[in-house]
Amino acid sequence: MSDKKITSVILLSKKILSEYDLCDYCLGRMFAKKLNLKSYSWLGKKIHKKLRIQNKKCHICKNIFEKLPFYIEKMSDVSSEYQYRSFLIGTKIKPSFLDRDDQIRSQFKLKGIDGIKTNITKELTKLFSRKTKRAPSIREPDITLTIDFKSESCEINSKSVYLSGRYTKTIRGISQKQKPCSNCLGKGCVTCGKHGMTEFDSVEGLMSKYFFDKFGALQAKITWIGGEDSSSLVMGKGRPFFARLVNPKKRKLVLPKTINLDKIKIYALKQIPKIPFGPIPFQSSVKLDIETEHPITHDSIVKLDDLVGTIAIYEKSGKRSEKKIYSVKYTVTSPNSFIVEMRIDGGIPLKHFVNGENVFPNVSDLISNKCMLTQFDFEQIQTH
């Protein structure tokens with residue numbers, strides 16, 4: 001560090017301090033980079049001492065750095081129930097702080113220095129890391145703390161936890177999806193405790209309730225691999241699903257291999273880095289209970305054999321979906337009813353496949369008899 005640089009800093013500091021009171025942090029910030037120093041407060045203290053000038057109340061920050069311990073305690077309290085290894089701090093300060101800072105930097109032509117907001121955030125980060133023994137992280141921190149200096153409040157948000165698993169449903173009368181809170185329509189409000197739902201009587205509801213209790217999550221966003229009716233059973237190894245847990249308090253948990261939630265069971269639940277992007281191909285082995293408008297004839301029912309190896313095409317609203325049919329077995333159970341067991345690529349609406357709406361080929365057209373799907377169960381679901 002050259003004597004010339006030091007002299008210029010002292011002279012400019014004297015000029016600034018003749019017009020404005022500045023604290024050690026704000027004064028040191030003006031020149032630390034020029035002198036290749038990291039500690040703003042240390043440099044500011046040295047300059048004040050050299051010039052024999054005592055700061056009364058900082059013109060820029062109003063001595064806000066003296067209040068940082070108060071906010072560190074508030075951050076510690078807010079984060080005490082969260083599991084985390086890394087954190088990020090954000091700050092909201094009054095616009096007047098920024099205006100005063102910009103005005104002095106402009107007036108004295110101070111360029112390439114940190115702003116007051118950056119300085120405050122850096123200092124909070126250093127103090128919080130020292131207190132909690134956790135590491136700051138800009139990229140994907142476990143928690144993000146936002147300090148609002150105007151309202152003297154602290155908000156916390158944690159990084160989502162992602163899960164994959166399978167579920168079986170052996171009791172009829174349970175919907176797959178949960179009705180959202182009538183007050184907020186699923187967004188989260190005081191009425192539903194920010195969960196987006198007030199009842200937990202569906203597959204989604206039962207899962208979500210478990211995730212809320214186990215992980216302390218605020219919401220659960222579930223991605224389904226296919227769907228079923230409330231009257232359908234899901235058997236075999238179960239239906240695969242993914243879940244994103246919003247703002248969880250717990251991150252690292254030992255999960256049981258089987259989770260019995262009374263009406264459904266969850267298997268092989270585990271944490272994953274991310275939910276896969278885009279549609280996931282899968283095959284379903286299904287059992288269809290079908291009723292017909294007219295009595296079934298042998299010559300018509302055997303035409304179902306023609307479905308094996310064909311491509312079922314579903315068209316709606318200009319979109320086209322093609323799914324292969326791999327196997328078909330059928331059993332006539334009464335003059336106007338029969339059962340079909342088949343393996344098919346997932347994604348074709350089974351009711352439409354049976355009644356013929358927007359699907360070709362379909363059961364009704366093939367046997368020349370108007371058909372209605374009364375019930376369907378999933379015996380096995382396999383992803384590719």
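Overview of the structure. (Residues numbered from 1 in each chain as written. Predicted model: local features only at pLDDT ≥ 70, side-chain atom pairs only at ≥ 80, totals over all residues. Heavy atoms only, no water.)

### Quick notes on the sheet that holds strand E2 (residues 135-136)
If you trace the four strands from one edge of the open sheet to the other, you get E2-E1-E3-E4, paired in mixed fashion. Each edge of the open sheet carries a strand with a single partner, namely E2 and strand E4 (153-158). Inspection of the sheet shows strand E1 (residues 86-92) paired to E2 by two bridges, in the parallel sense. Within the sheet, the bridge partner assigned to phenylalanine 87 lies in E2 and is proline 136. Its contacts with the sheet put helix H6 (residues 116-132) on E1, E2 and strand E3 (143-148), and the angle it makes with E1 is roughly 145 degrees. (Pairing = 2+ DSSP bridges. Helix = DSSP H or I, 4+ residues; strand = E, 2+ residues; numbered from the N terminus. Contact = heavy atoms within 4.5 Å. Axes fitted to C-alpha atoms, helices over the stretch in contact; angles between N-to-C directions.)

### So, the pattern of salt bridges
Scanning the entire structure with this criterion turns up 17 salt bridges. Residues glutamate 228 and arginine 239 are paired through a salt bridge, measuring 2.9 Å at the closest nitrogen-oxygen approach. Pair noted here: glutamate 228 is in the loop between strand E6 (219-224) and strand E7 (234-246) and arginine 239 is in strand E7, with a separation of 11 residues, a long-range link. In this structure, glutamate 228 and arginine 239 share a single accessibility class: buried. Glutamate 322 is paired through a salt bridge with arginine 320; the nearest N and O atoms lie 2.9 Å apart. The network of salt bridges with common partners includes Arg29, Asp101, Asp102 and Arg105. (Salt bridge = Lys/Arg side-chain N within 4 Å of Asp/Glu carboxyl O. Buried < 20%, exposed > 50% of the residue type's maximum accessible area, 1.4 Å probe, protein only.)

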